[in-house]
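Residues per chain, in single letters:
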Amino acid sequence: MSSDKRFCALGFFDGVHLGHAEIMRQAAAGAAANGMTPTVVTFDRRPGKVVNRDNQLLLSPGRAKRKLIDTLFPGTEVVEIPFTEEFASKSPEEFIEGTLKKELNAAGAAAGEDFRFGFGAAGDAALLAKKLILSVVGTVTLDGERVSSTRIRKLFSDGDFAGALKALGHPLLLGGTVEHGDGRGHRIGLATLNLEFDPEQLYPKNGVYASAAEVDGKFFPAVTNLGHRPTFYEDGIFTNETHIIGECPDLYGKTVWVWLCAYLREERRFSSPEELAAQVGEDSRKAMHIFENGGCLPPQEKRG
């Protein structure tokens with residue numbers, strides 16, 4: 001039976017890649033071994049955004065990160081701390097004694113071997129080990145290289161979507177509330193879900209992707225287009241459109257999670273809406289094949 005003590009995974013976690021997941025996995029193991037509650041302790045913004053005005057885009061902003069943790073590590077609590085200038089000025093000892101032990105009732109923690117905390121990044125694993133049960137997580141590598149958010153951003157930037165997903169360990173998650181579009185897709189038999197743009201989200205390169213749309217725990221095979229719809233617009237705004245393959249329920253106003261699982265092709269201009277519809281039909285056949293073979297489901301769903 002769990003006590004009211006917490007065993008915390010520590011880090012900003014701008015997503016949940018293989019390295020982050022190992023920290024969370026060891027926190028969950030530590031919690032189980034010591035009768036504690038597994039908890040991910042994260043922040044509401046990148047510490048660098050406050051400390052040095054770093055505006056780097058995120059692999060999984062806010063609610064997408066929570067959704068990933070809920071999916072990959074069900075039963076794990078998430079505590080999001082506001083990272084303010086006042087918080088950034090806390091000493092390492094204040095972070096441990098005040099934030100972790102007093103406010104969160106933490107008795108154990110898991111952190112990467114390079115985890116630093118407190119004013120001037122003066123705190124390290126050695127200090128944590130003096131105050132808490134500590135699990136230090138070594139570097140996670142993939143194909144001989146360290147898994148990191150920086151590496152994954154570079155893979156996305158280079159257009160290596162498959163490589164980026166391999167380092168993430170799951171399809172790329174996009175989420176938002178369905179908005180009304182201009183209705184062009186519906187008029188040619190290709191109704192799409194238009195998801196709101198997230199200014200903090202790192203999107204992969206424009207193009208067409210095989211995907212799965214998750215609504216209320218159900219998964220639908222889909223095709224997602226990221227781009228500017230050149231068939232209809234000379235200079236269109238960026239859109240995140242998803243076409244559910246087969247019968248699509250009415251989802252306006254609902255929260256839809258879109259799991260991007262494979263890059264299919266570049267976005268391009270077609271000579272007519274009919275030519276576009278024919279191509280989307282081909283895209284849908286490829287996406288359905290990937291979906292039916294489990295390629296669009298997050299790992300936890302595959303285990304289920």
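Residue numbering note: each chain is counted from 1, following its sequence as written. In keeping with the predicted nature of the model, local features appear solely for residues at pLDDT of at least 70, side-chain atom pairs appear and are counted solely at 80 or more, and the whole-chain, interface and lining totals rest on all residues. To obtain the side-chain values, all non-hydrogen atoms of the structure were used and water was disregarded.

Enquirer: I'd like a rundown of the overall build of the protein chain, residues and numbers included.
Expert: By the criteria applied, helices consist of DSSP H or I runs no shorter than four residues and strands consist of E runs no shorter than two, each listed in order from the N terminus. Looking only at helices and strands, the protein chain features eleven helices and 13 strands. Looking at the protein chain as a whole, 50% of its 304 residues are labelled buried. The contact definition used throughout considers only heavy atoms, calling two residues in contact when any of these lie within 4.5 Å. In the protein chain, the proportion of contacts linking residues at least 24 apart, taken out of those at least 6 apart, comes to 73%. Exposure classes here rest on a 1.4 Å probe applied to the protein chains alone. A residue is buried below 20% of its type maximum, exposed above 50%, and partly exposed in between.

Enquirer: Lay out the sheet that holds strand E2 (residues 37–43) with the relevant residues and their values.
Expert: Pairing is parallel in the open sheet, where five strands are placed in the order E3-E2-E1-E4-E5. Of all the strands in the sheet, just strand E3 (77–81) and strand E5 (133–137) have a single pairing partner and so form its edges. Across the sheet, the mean angle separating the axes of adjacent strands is 25° when strand polarity is ignored. The pairing criterion is simple: DSSP has to find at least two bridges between the two strands. The angle between two axes is taken between their N-to-C directions and runs from 0 to 180 degrees, where each axis is a line fitted to C-alpha atoms and a helix contributes only its stretch in contact.

Enquirer: How would you sum up unusual backbone geometry? Please name residues and give values.
Expert: We note that alanine 121 has phi near 55°; this positive angle belongs to a residue other than glycine. Tracing the backbone through its elements, the reader meets alanine 121 in the loop between strand E4 (106–112) and helix H6 (125–131). Its identity as a non-glycine residue notwithstanding, aspartate 216 has a phi of 50°, on the positive side. In this fold, aspartate 216 is placed in the loop between strand E10 (207–215) and strand E11 (218–227).

Enquirer: Tell me what's going on with the state of the cysteines, and back it up with residues and numbers.
Expert: Disulfides are defined in this document as cysteine sulfur pairs within 2.5 Å. Tallied over the entire structure, the rule returns one disulfide. Shown here is the disulfide that connects cysteine 261 with cysteine 296, its sulfur atoms set 1.9 Å apart. Here cysteine 296 lies in the loop between helix H10 (273–292) and helix H11 (299–303) and cysteine 261 lies in strand E13 (residues 255–265), a separation of 35 residues in the sequence. Here cysteine 261 and cysteine 296 have matching classes, each one buried.

Enquirer: Tell me about helix H5 (residues 92–103), residues and numbers included.
Expert: When H5 is considered as a whole, its buried residues turn out to be Pro92, Phe95, Ile96, Thr99 and Leu100. Projected down its long axis, H5 shows its buried positions confined to an angular sector of 120°, all on one face. Turned more than 90 degrees away from the buried face of H5, the exposed residues are Lys102 and Glu103. In the core, the buried residues of H5 are packed alongside strand E1 (6–10), E3, helix H4 (85–88), E4 and H6. Among the residues trailing H5, asparagine 105 stands out with phi positive, at a value near 55°. The arc in question is formed by the directions pointing from the helix axis toward the C-beta atoms.

Enquirer: I'd like to hear about helix H1 (residues 18–34), residue by residue, with values.
Expert: Its 17 residues give H1 an end-to-end C-alpha distance of 24 Å, which sits within 8% of 24 Å, the value for a rise of 1.5 Å per residue. Within H1 the residues assigned to the buried category are Gly19, His20, Ala21, Ile23, Met24, Ala27, Gly30 and Ala31. In the segment just after H1, glycine 35 is the residue with positive phi, at about 65°. To estimate the expected span of a helix, count its residues, drop one, and scale the result by 1.5 Å.

Enquirer: Could you give me a rundown of the nonpolar core, with the residues and numbers involved?
Expert: One recurring pattern in soluble globular proteins is that nonpolar side chains are buried together. Counting 35 residues, the largest nonpolar core has Ala9, Val16, Met24 and Trp259 as the members making the most contacts within it. The next biggest cluster of nonpolar side chains, apart from the first, holds 29 residues, and it includes Val147, Phe156, Val215 and Val256. For this analysis, a nonpolar core means a set of buried residues of the types Ala, Val, Leu, Ile, Met, Phe, Trp, Tyr and Cys, connected via side-chain atoms within 4.5 Å.

Enquirer: Can you break down the packing of aromatic side chains residue by residue, with the values?
Expert: Aromatic rings from Phe, Tyr and Trp, with only the six-membered ring used for Trp, were paired whenever their centres fell within 6.5 Å, and each pair was classed as stacked if the ring planes differed by under 30 degrees, edge-to-face if by over 60, and tilted otherwise. Per the counting criterion, the structure on display carries ten aromatic pairs. Seen in terms of ring centroids, phenylalanine 115 and phenylalanine 117 are 5.5 Å apart; in terms of plane orientation they differ by 20°. Their pairing is stacked. In this structure, phenylalanine 115 and phenylalanine 117 share a single accessibility class: buried. Centre to centre, the rings of tyrosine 209 and tyrosine 263 are 5.3 Å apart; their planes meet at 70°, and the pair counts as edge-to-face.

Enquirer: Provide a residue-level description of the pattern of salt bridges, including the pertinent values.
Expert: Working definition: two side chains of opposite charge can pair if their charged atoms are close together. Each reported salt bridge corresponds to a side-chain nitrogen of Lys or Arg within 4 Å of a carboxyl oxygen of Asp or Glu. Considering all chains together, one arrives at 15 salt bridges under this definition. Here lysine 154 and aspartate 158 are joined by a salt bridge, their closest N and O atoms 2.7 Å apart. Note on lysine 154: relative accessible area 49%, which makes it partly exposed. Linking arginine 285 and glutamate 282 is a salt bridge whose minimum nitrogen-to-oxygen distance equals 2.8 Å. Taken as a pair, arginine 285 and glutamate 282 lie in helix H10 at a separation of three residues, close to a single helical turn. Under the relative-accessibility criterion, arginine 285 is labelled exposed at 54%. Residue glutamate 282 is classed as partly exposed on the basis of its relative accessible area of 30%. Here the salt bridges share partners, and the residues they tie into one network are Asp14, Arg46 and Arg153.

Enquirer: If you had to explain the side chain of glutamine 201 to someone new, which residues and values would you point to?
Expert: One can find glutamine 201 in the loop between strand E9 (193–195) and E10. Here glutamine 201 is in contact with Leu57, Leu58, Leu59, Pro61, Leu172, Leu173 and Leu174, once residues within four sequence places are set aside.

Enquirer: Which residues make up the pairing of E5, and what values do they have?
Expert: Two elements, E4 and E5, share five bridges in a ladder whose sense is parallel. From the neighbouring strand, alanine 111 faces E5, where its bridge partner is valine 136. Place the viewer so that the strands point away; then a crossover is right-handed whenever the path from the first strand over the helix to the second strand goes clockwise. As for the winding sense of the linkage, the β-α-β connection from E4 through H6 to E5 is right-handed.

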